[in-house]
Amino acid sequence: MEITKRIEERLEERTELHRKYVNPALAKVLQIIDYDVDYARGQGAYLYDRGGNRYLDFLGGYGVYQLGRSHPVLKKALHELIDLDRPNLIQMDCPILAGLLAERLTKMAGRSYPGLDAVFFTNSGAESVEGALKFARAATKRDRFVYLDHAFHGLTLGALSVNGSEHFRDGFGTLLPATPVPMNDLDALEGELAKKDVAAFIAEPIQGKGVYVPDDHFLPEAQKLCRKHGAVFIVDEVQAGLGRTGRFFGGEHWGLDPDIVTVSKALSGGYVPVGAVLLRREIHRKTFSGLERCVVHSNTFGQNELAMGAGLATLEVLESEGLIDNAAARGERFLSGLRAMKDRYEMLHDVRGAGLMVGIEFGPPKSLTLKAAWKALETMQAGLFAQLVVMGLMHDHRFLTQVSGHRVNIVKFLPPLIVTDGQVDDALNAIDQTLEKAHRLRGGLWDMGKELVKAALRK
Ligand SMILES: Cc1ncc(COP(=O)(O)O)c(C=O)c1O
């Protein structure tokens, strides 16, 4: 089979194939919002379509492209591994690459989170969270979980039980016993933990959906409350981890010391699904409590060689290219450029984030003409303005971003950590011009809103 030939011969049918066999609703949405592009190549911070047009990618595959696309070190490691014909997935075996990745992960993690000396490998973020929840239950012999409003930890049933959005939970029946508390509300958290039936409190250091950043005191105090009431403290670093926020782990911003940490996304280098749960050995022992229970929690592909190789190469590049410092410096440039726009654009209500995990939130304008236009849009559908900004950025600037959550006016940016000052400035210019048009009711952005709703109704 010649895979290149197959792709070339049938690329034009891709939307039709998805409409027919995969997810027709998503295929339609992508066409409606102008995100239906024949991408042919990815390199660094850019995507290229079949016609050779270049797109700046700050969507980053939902946060997997820390190293940018097609990184040569990753490619070399993966090519080498395939060519070695190594025996993969023997299962009744202790594969060397899994051992090496576990060692490297715990060493790098140990600089910020000491005490996480055991690793369980998974295939995704959600599977890491599932594992973390199970480990916490086994360690505490308690059932219930506490999580934050707006939280996102994946969409499998366990992870969904600690999801802070009704939109995702609705329609999927009874979930695990779990209780939400508002971010920064320590009294509410202690109220739940004090009932002494909570296995774990799970939180993202910075929330992926909406880019909500907790107050400085919240997570350190939450950690103390977990200790006080015997609950496991799980920090979900699937999105904020591995340098994204300008630190190896997002929780480092507050000097956290969690009991369990979940990672995934960027560890893959953007190539092979991989995830890991990092945990204290004493918690690990409570699950794998004897020889008979040595695979009581396990999976088939968790330690597969390509995933482990991708993980090792990713950690190597993060360190050798100083990408975490780059994330901090470029992130500061991006955030301050966006903050400078706040005075000029009345609908830009908030700019927040850390490193290269950045969100901007829009809200109602004060001036009368804009007020009417905003109201008309929001009446059609909440969050439509942010969607129009995302569409304008793509349409006029070939700049990929995303609305961060369901029916919210928040746009999120997850650039690769290799991003340059020039690329950050290009992004800032694109955002500036798009907001300028929107605030002067120019350039058809508002008309696009009407068209968008019409198209959605038609389809
Ligand atoms: C913080 C966090 N946890 C878990 C997940 C789930 O990861 P996956 O999509 O790989 O299952 C995500 C995905 O966006 C995430 O952001």
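So, here is what we can say about the structure in this document. (Residues numbered from 1 in each chain as written. Predicted model: local features only at pLDDT ≥ 70, side-chain atom pairs only at ≥ 80, totals over all residues. Heavy atoms only, no water.)

**With respect to the pattern of salt bridges**
Right, on to step 1. Using the criterion set out here, one finds 31 salt bridges in the structure.
Right, on to step 2. One salt bridge in this structure joins Glu13 and Arg10, with 2.7 Å as the shortest N-O distance.
Right, on to step 3. Judged by its relative accessible area of 43%, Arg10 is partly exposed.
Right, on to step 4. We note a salt bridge from Arg104 to Glu319, for which the minimum N-O separation is 2.8 Å. With a gap of 215 residues between them, Arg104 in helix H6 (residues 96-110) and Glu319 in helix H13 (residues 305-320) connect regions that are remote in the sequence. (Salt bridge = Lys/Arg side-chain N within 4 Å of Asp/Glu carboxyl O. Buried < 20%, exposed > 50% of the residue type's maximum accessible area, 1.4 Å probe, protein only. Helix = DSSP H or I, 4+ residues; strand = E, 2+ residues; numbered from the N terminus.)

**A word on the packing of helix H2 (residues 14-21) against helix H3 (residues 24-32)**
Right, on to step 1. The contact between H2 and H3 brings their axes to 7 Å, and the two run at 145°. In this structure, H2 contributes Thr15, His18 and Arg19 to the contact, and H3 contributes Pro24, Ala27, Lys28 and Gln31.
Right, on to step 2. For the contact of H2 with H3, the class distribution of residues is two nonpolar, three polar and two charged. (Axes fitted to C-alpha atoms, helices over the stretch in contact; angles between N-to-C directions. Contact = heavy atoms within 4.5 Å. Nonpolar A, V, L, I, M, F, W, Y, C, P; charged D, E, K, R; others polar.)

**Some remarks on the site of the ligand**
Right, on to step 1. Neighbouring the ligand are the residues Ser124, Gly125, Ala126, Phe152, His153, Gly154, Glu204, Asp236, Val238, Gln239 and Lys265.
Right, on to step 2. Within the side chain of Asp236, one N or O atom sits 2.6 Å away from a nitrogen atom of the ligand.
Right, on to step 3. With respect to the ligand, the side chain of Gln239 contributes an N or O atom lying 2.8 Å from an oxygen atom.
Right, on to step 4. Bound to the protein, the ligand loses 80% of the 390 Å² it would expose on its own.
Right, on to step 5. For the shell around the ligand, the per-class residue count stands at three nonpolar, five polar and three charged. (Near = heavy atom within 4 Å. Polar contact = N/O pair within 3.5 Å; in protein donor to acceptor, adjacent residues only side chain to side chain. Areas by Shrake-Rupley, 256 points an atom, 1.4 Å probe, with all protein chains shown as cover.)

**Digging into unusual backbone geometry**
Right, on to step 1. The phi torsion at Tyr62 lies on the positive side, around 65°, for a residue other than glycine.
Right, on to step 2. Considering the arrangement of structural elements, one finds Tyr62 in helix H4 (residues 60-63).
Right, on to step 3. You will see that Leu242, though not glycine, has its phi angle at about 55°, which is positive.
Right, on to step 4. Turning to its location among the elements, Leu242 is positioned in the loop between strand S8 (232-236) and strand S9 (260-263).

**Quick notes on the sheet that holds strand S11 (residues 348-354)**
Right, on to step 1. Strand order in the open sheet made by the four strands is S11-S12-S15-S14, with antiparallel pairing throughout. Looking at which strands have only one partner, the edges of the open sheet turn out to be S11 and strand S14 (402-403).
Right, on to step 2. Bridging between strand S12 (residues 357-362) and strand S15 (residues 410-413) involves four bridges; their strand directions are antiparallel. Directly across from Ile360, in S15, lies its bridge partner Val411. (Pairing = 2+ DSSP bridges.)

**Observations concerning a nonpolar patch on the surface**
Right, on to step 1. Together, Met1, Ile3 and Ile7 line one region of the surface with nonpolar side chains, adding up to about 360 Å² of accessible area.
Right, on to step 2. Looking at the secondary structure, you find Ile7 in helix H1 (residues 3-10). (Patch = residues over 30% accessible without salt bridge, like charges linked within 9 Å, V, L, I, M, F, W, Y side chains within 5 Å.)

**A closer look at H6**
Right, on to step 1. Spanning 15 residues, H6 covers 21 Å between terminal C-alpha atoms, matching the ideal 21 Å at 1.5 Å per step.
Right, on to step 2. Residues Leu97, Ala98, Leu101, Ala102, Leu105, Thr106, Met108 and Ala109 constitute the buried set of H6. Buried residues along H6 cover an arc of 165° about the axis, so they all sit on one side.
Right, on to step 3. In this structure, the buried residues of H6 make contact with helix H5 (72-83), strand S4 (118-122), strand S10 (275-279) and H13. (Expected span 1.5 Å × (residues − 1). Arc of directions from axis to C-beta.)

**Focus on the pairing of strand S5 (residues 144-148)**
Right, on to step 1. With five of five residues buried, S5 lies mostly within the body of the structure.
Right, on to step 2. Neither face of S5 is open: one carries Arg144, Val146 and Leu148, the other Phe145 and Tyr147, and all of them are buried.
Right, on to step 3. Here S5 pairs with strand S7 (residues 198-203) via three bridges, running parallel. In the strand pairing of S7, Phe145 is matched with Ala200.
Right, on to step 4. Sheet analysis places S5 next to strand S6 (residues 178-181), joined by four bridges and oriented parallel. Bridging across to S6, Tyr147 finds its partner in Pro180.

**Examining the packing of helix H14 (residues 323-341) against helix H17 (residues 421-439)**
Right, on to step 1. The N-to-C vectors of H14 and H17 enclose an angle of 20°; their axes lie 10 Å apart at closest approach. In this view, H14 runs roughly parallel relative to H17, as classed from their interaxial angle. For H14 against H17, the interelement crossing comes out right-handed. Only Asp421, Val424, Asp425, Ala427, Leu428, Ile431, Asp432 and Leu435 of H17 make contact with H14, whose side of the interface consists of Arg330, Arg333, Phe334, Gly337, Leu338 and Met341. (Parallel < 35°, antiparallel > 145°, perpendicular 65-115°, else oblique. Left-handed = near helix turned anticlockwise from the far one by under 90°.)

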